[in-house]
Amino acid sequence: AAAHGCTMRSSDGLLATIQVLASDLDGTLLNPDHKPGPGTFEAIAAFQAAGGIFAVCTGRDKGSARGVLKGLDIDKLPGVYMNGTIVHGLGGAPLQS
């Protein structure tokens, strides 16, 4: 993931060994300006293309997360929102709210 301007770099072998990647937003996937760093969406897409499942985990509500992740279709991703009070599974289906 991108944190503070760093981009995720990996070999295809490492990507193949990781099945699920869950990331917080603020201070982790997003930089101090609340924006993803260069290459963030491309790295996530490469991970997904290698068969990985990417999930958003944040204290934000889903609408706020959607606003800062305009390069991702978070409605189709698993995720944990509002500090765990809202949980979406594969395909974005609600599991808990």
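A few points on the structure. (Residues numbered from 1 in each chain as written. Predicted model: local features only at pLDDT ≥ 70, side-chain atom pairs only at ≥ 80, totals over all residues. Heavy atoms only, no water.)

**Thoughts on the sheet that holds strand β2 (residues 53-57)**
Strand pairing in a sheet takes place through backbone hydrogen bonds and is either antiparallel or parallel in direction.
Part 1 of the reasoning: In spatial order, the strands read β1-β2-β3-β4-β5; together these five strands make up an open sheet with mixed pairing. Of all the strands in the sheet, the pair left with one neighbour each is β1 (20-23) and β5 (94-96). Each adjacent strand pair in this sheet contributes to an overall mean axis angle of 20°, direction not counted.
Part 2 of the reasoning: Where strand β3 (residues 79-81) meets strand β4 (residues 86-88), three bridges bridge the pair, whose relative direction is antiparallel. For Val 80, the partnering residue across the bridge sits in β4 and is Val 87.
Part 3 of the reasoning: Along the sheet face, helix α2 (residues 40-49) touches β1 and β2 and points at about 135° away from the line of β2. (Pairing = 2+ DSSP bridges. Helix = DSSP H or I, 4+ residues; strand = E, 2+ residues; numbered from the N terminus. Axes fitted to C-alpha atoms, helices over the stretch in contact; angles between N-to-C directions. Contact = heavy atoms within 4.5 Å.)

**A few points about the pairing of β1**
Part 1 of the reasoning: Here β1 runs beside β2; their pairing, made up of four bridges, is parallel. Residue pairing in the sheet places Ser 23 in a bridge with Val 56 of β2.
Part 2 of the reasoning: The parallel pair β1 and β2, bridged by α2, forms a crossover whose chirality is right-handed. (Right-handed = clockwise from strand over helix to strand, strands pointing away.)

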